[in-house]
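Examination of the molecular architecture
The residues making up each chain are set out below.
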Amino acid sequence: MGARDFATDIRFVLDCIDDLAAGHNPDAEHRPLPAGLLGALDPHRIGMFGWSKGATATALVMSEDQRVRAGLSLDGPMQPTVSTDLDRPFMLMTAAFPRTKEPSVAEFWSHLRGWRLNVQADGAVHSSYGDYQVLIPQLAKAVGMSDEDLRGWVGTLDPARAARIQQAYPLAFFDLHLRHHQEHLLDGPNAAFPEVTFIP
């Protein structure tokens, strides 16, 4: 399974959301839907984010489908390279795949024509923007993992801080672009998050 497979799956999900918004039941076996689901989803305020290949899938979907209004990459390698101009908001949270080291990410960035932002947490590695950041340190204690091996998995970013960054920045991004709530967290460096660097 690659990023294009994920993108195809997401476009199927978007079709199902359209069906639900129109009052139809997209269940293949026509089973009753959970109470309150019909009409609960707003197809005009869809955002998408993903980690690694899921981030690349986000970029692919947005390059092909206007239904996704805002997208966020959690350290996506952008392979295959996405070279279609994109006029909707997109945010990169990079670690192992920064624009300076990964040409496919730099190429994608150059095609972002709308609102765009690139942040990076100091000490983050590829797995820092996910559950590994909290789970692997617990496992390390149980199996006697060396400090060096642990750093290879989670970097030097404190797990509690990593979780807070993972929550705050995506929430601020989607609040801004889907709910139109101004979040100053995205304006520039913030004393509450000294680990986060804004990449021009």
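This text gives an overview of the structure that appears in the document. Everything numeric here is computed off the predicted structure, so don't read it as measured data.

Counting secondary structure elements, the chain contains 6 helices and 5 strands. Its C-alpha atoms give the chain a radius of gyration of 18 Å, within 12% of the compact-globule value 16 Å for 200 residues. Across its three principal axes, the chain shows a C-alpha extent of roughly 55 × 40 × 35 Å. Looking at the chain as a whole, 44% of its 200 residues qualify as buried. Residue pairs at least 24 apart in sequence account for 59% of intrachain contacts in the chain once pairs closer than 6 positions are excluded. Each charge sign in the chain was given a centre, from 17 positive and 25 negative side chains, and these centres are 3 Å apart.

Looking now at the sheet that holds strand β1 (residues 46-51). Taken in spatial order, the 5 strands line up as β1-β2-β3-β4-β5 in an open sheet, and their pairing is mixed. Strands at the two margins of the open sheet, each flanked by one partner only, are β1 and β5 (196-198). Between one strand axis and the next, the sheet turns by 20° as a mean value, whatever way the strands run.

What follows concerns the packing of helix α4 (residues 132-143) against helix α5 (residues 147-154). Two numbers describe a pair of packed helices, the interaxial angle and the distance between the axes. Direction vectors running N to C along α4 and α5 enclose 165°, while the axes themselves pass 9 Å from each other. Regarding the angle of α4 to α5, the classification is roughly antiparallel. In terms of crossing hand, the pair formed by α4 and α5 is right-handed. Here Y132, Q133, I136, P137 and A140 of α4 lie close against α5, whose contacting residues are L150, W153 and V154. Of the residues in the contact of α4 with α5, the class split is 7 nonpolar, 1 polar and no charged.

Moving on: α4. For α4, spanning 12 residues, the distance from its first C-alpha to its last is 15 Å, which sits close to the expected 16 Å at 1.5 Å a residue. Among the residues of α4, Q133, I136, P137 and A140 are the ones counted as buried. Burial along α4 is one-sided: seen end-on, the buried residues are contained in an arc of 100°. Tucked into the core, α4 has its buried residues touching α5 and α6 (159-178). Immediately beyond the C-terminal end of α4, within one or two residues, lies G144, with a positive phi of roughly 70°.

Grouped together as the largest cluster of nonpolar side chains are 26 residues, with contacts concentrated most on M91, M93, I165, Y169 and L186. Mapped by element, the contributors of at least two residues to this core are β2 (68-74), β3 (90-94), β4 (116-121), α6 and β5. The greatest single-element share of this core, amounting to 9 residues, is contributed by α6. Here L186 is in contact with M91, W115, L117, Y169, A172, F173, L176 and F198, once residues within four sequence places are set aside. Within the second largest apolar cluster, 21 residues are counted, among which are M48, L60, L92 and V105.

Across all of its chains, the model carries 13 salt bridges by this definition. Here R11 ties to D65 by a salt bridge, and the two come within 3.2 Å at their closest N and O atoms. With R11 in helix α1 (residues 3-21) and D65 in the loop between α2 (53-64) and β2, the pair connects residues that are 54 residues apart, well separated along the chain. Notably, a salt bridge pairs D15 with R67, separated by 2.9 Å at the nearest N-O pair.

Cut-off values and rules
Residues numbered from 1 in each chain as written. Predicted model: local features only at pLDDT ≥ 70, side-chain atom pairs only at ≥ 80, totals over all residues. Heavy atoms only, no water. Helix = DSSP H or I, 4+ residues; strand = E, 2+ residues; numbered from the N terminus. Rg over C-alpha atoms; globule rule 2.2 N^0.38 Å. Buried < 20%, exposed > 50% of the residue type's maximum accessible area, 1.4 Å probe, protein only. Contact = heavy atoms within 4.5 Å. Lys, Arg positive; Asp, Glu negative; His and termini not counted. Charge placed at Lys NZ, Arg CZ, Asp CG, Glu CD. Pairing = 2+ DSSP bridges. Axes fitted to C-alpha atoms, helices over the stretch in contact; angles between N-to-C directions. Parallel < 35°, antiparallel > 145°, perpendicular 65-115°, else oblique. Left-handed = near helix turned anticlockwise from the far one by under 90°. Nonpolar A, V, L, I, M, F, W, Y, C, P; charged D, E, K, R; others polar. Expected span 1.5 Å × (residues − 1). Arc of directions from axis to C-beta. Core = buried A, V, L, I, M, F, W, Y, C linked by side-chain atoms within 4.5 Å. Salt bridge = Lys/Arg side-chain N within 4 Å of Asp/Glu carboxyl O.

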